[in-house]
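Per-entry structural report
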Amino acid sequence: MRAKLIALVVTLAAMAVPATAMAGGVPGTPGGGAGGTGQAQQSSQWAATLQKAQSQAQATQNAVNTNAPVNVAGGDIAGGSNTANQTAGNGAKSEAGNNANTTQTNDQSQDPTSGGSAGSGGAGQAQDSSQGSLTAQAAESAAQAAQNAVNANAPVNVAGGDVAGGSNTANQTAGNGAKSGAGNNADTSQSNDQSQSAGSSCSVGCGGSGQAQGSSQWSATLQKAQSDAQAKQNTVNADVPVNVAGGDVKGGSNSANQTALNGAKSGAGNNADTSQSNDQSQSAGSSCFIGCGGAGQVQLSDQKSATGQLADSNANADQNTVNANVPVNIAGGDVIGGSNSANQTALNGAKSGAGNNADTSQSNNQSQTAGSSCFIGCGGTGQAQLSSQDALTLQAALSSANANQNAVNANVPVNIAGGDVIGGSNSANQTALNGAKSGAGNNADTSQSNDQSQSAGSSCFIGCGGSGQAQINQQGSFTAQLAASCANALQNLVNTNAPSNTAGGNILGGANTANQTALNGALSGAGNNAGTMQNGGQGQTA
């Protein structure tokens, strides 16, 4: 019974084959003995981007508002009142940044025509794609603001008469600031699509199709952002009558308020997004009945990504504020200090931040389908899929903020080898605020996905070769993060009513009702966040 079935199948197949094919035919003609189609596609892409942006800003200000009559070996000096208010604003701002977008896309498709009806060779198909991208960026920014503001009421007498200082009501407002920022952004996208389809109308003695796909994707992103901001402020509000070898010194009242604002802000950051996508599809079909070779399919995918980031930020704010009522007498008469009601407000702050963000996505999809209608003497299908994914992320964020404040509010009459010293009342309130804030952080997200699918079907009854299927998936991810933050706030405040007499008469200190409010603080924070997801799906059907 089995022999009869075989004979029937052979007879039906022979009836389906044209006479020219049975006779052997002419090679290269559609009738038979035709060689299989050969197809090859190769693509190579390479992109390199190198960028550097450097920015620097400097602001220097020297502001002087003075009322200073001078007498040498003359009569009396009566200083006029000083009501000239002073407002000084100084600032520096610097920014540097780089942005790089790289997109690489490759689409390859192969669909060969059919060979002869008998004794035809299988189609040969090959696709190869190579993509490479390198991006290196460096952005550096520096801002420096230096301010020197002087508001002075200082009559001077040398070997003359009496000195009477005029009242000082000239308020001083000084603002100084520096701001610096540096940042890099890099987006890299690599996409590869490969498709192969092989079909044949050959019926007897048909060679199997050969299909090969190779894809290689490589991307490296190197970034550096560095920012530095420095703000230095020196403000002096002084009522200082001076007498050397003269008469009496009488200080005028000082009600010239002083407001000093100083700040430095620095920020540095890097952002890198890398996306790699690979889609490979192979389909081989045959209508061969007898003596059919099996299809051979292979897919290779290699994805590599390396991201290195460094963000460094530094902010320094130095403030020195002096509000002084200091009459000075050397070898002269009496010293009478005027009342001091000049309030002082000093604000100083430094803020620094550094951060890195890196997103890496690798996706690979591989699909192989081979079908055969062969009944007798059928070769088995061979299928192989290999996928390799490697991701490396290195991050370092460093931030430092330093705020140094020195605030002096003084009512200090001074007498050397002279008469009596009578200190004026001191009701000059002092408010000093100083703070430093620093933050550093890193964020890294890595996603790796691989889907592999193989399907081989056969309707063979006699003399059937088995299908061979192989799937290999390798995923590797490495993330290293360093976040360091430092904040320092140093504050030195002096609010004093201290008359001084050396080798002279009596000292009578004035009433001191000057309140002092001091706030000082430092805040530092550092954090790292890393998320890694790896997914591998493999399916085989034979």
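Residues numbered from 1 in each chain as written. Predicted model: local features only at pLDDT ≥ 70, side-chain atom pairs only at ≥ 80, totals over all residues. Heavy atoms only, no water.

**So, the nonpolar core**
Judged by nonpolar contacts, the single largest core of 17 residues is most densely connected at Ala-92, Ala-178, Ala-264, Ala-350 and Ala-436. Contributing elements (two or more residues each) for this core: β1 (38-67), β5 (124-153), β10 (210-239), β15 (296-325), β20 (382-411) and β25 (468-497). Dropping the residues within four chain positions of it, Ala-178 is found in contact with Ala-92, Ala-143, Gln-144, Ala-145, Ala-229, Gln-230, Ala-231, Gly-263, Ala-264 and Lys-265. Counting residues in hydrophobic clusters, the runner-up holds eleven residues, among them Ala-139, Ala-268, Ala-354 and Ala-440. (Core = buried A, V, L, I, M, F, W, Y, C linked by side-chain atoms within 4.5 Å. Buried < 20%, exposed > 50% of the residue type's maximum accessible area, 1.4 Å probe, protein only. Helix = DSSP H or I, 4+ residues; strand = E, 2+ residues; numbered from the N terminus. Contact = heavy atoms within 4.5 Å.)

**What to know about a nonpolar patch on the surface**
On the surface, a nonpolar cluster with roughly 270 Å² of combined accessible area is contributed by Val-70, Val-72 and Val-158. In this fold, Val-72 is placed in strand β2 (residues 70-72). (Patch = residues over 30% accessible without salt bridge, like charges linked within 9 Å, V, L, I, M, F, W, Y side chains within 5 Å. Areas by Shrake-Rupley, 256 points an atom, 1.4 Å probe, with all protein chains shown as cover. Salt bridge = Lys/Arg side-chain N within 4 Å of Asp/Glu carboxyl O.)

**Quick look at the pattern of salt bridges**
Within this structure, the stated rule accounts for four salt bridges. Between Lys-304 and Asp-302 there is a salt bridge, with the nearest N and O atoms lying 3.9 Å from each other. Judged by its relative accessible area of 32%, Lys-304 falls in the partly exposed class. For Lys-304, the salt bridge goes to Asp-390, with nearest N and O atoms at 3.1 Å. Separated by 86 residues along the polypeptide, Lys-304 in strand β15 and Asp-390 in strand β20 bring together distant segments of the chain. Look at Asp-390 and you get partly exposed, because its relative accessible area is 23%. Linked by salt bridges that have partners in common, Asp-302, Lys-304 and Asp-390 make up one network.

**Observations regarding the sheet that holds strand β27 (residues 507-508)**
Spatially, the six strands line up as an open sheet ordered β3-β7-β12-β17-β22-β27, and their pairing is parallel. A single partner strand is all that each edge strand has here, and the edge strands are β3 (77-78) and β27. Pairing geometry for strand β12 (residues 249-250) and strand β17 (residues 335-336), over two bridges, is parallel. Paired with Lys-250 across the strands is Ile-336, a residue of β17. (Pairing = 2+ DSSP bridges.)

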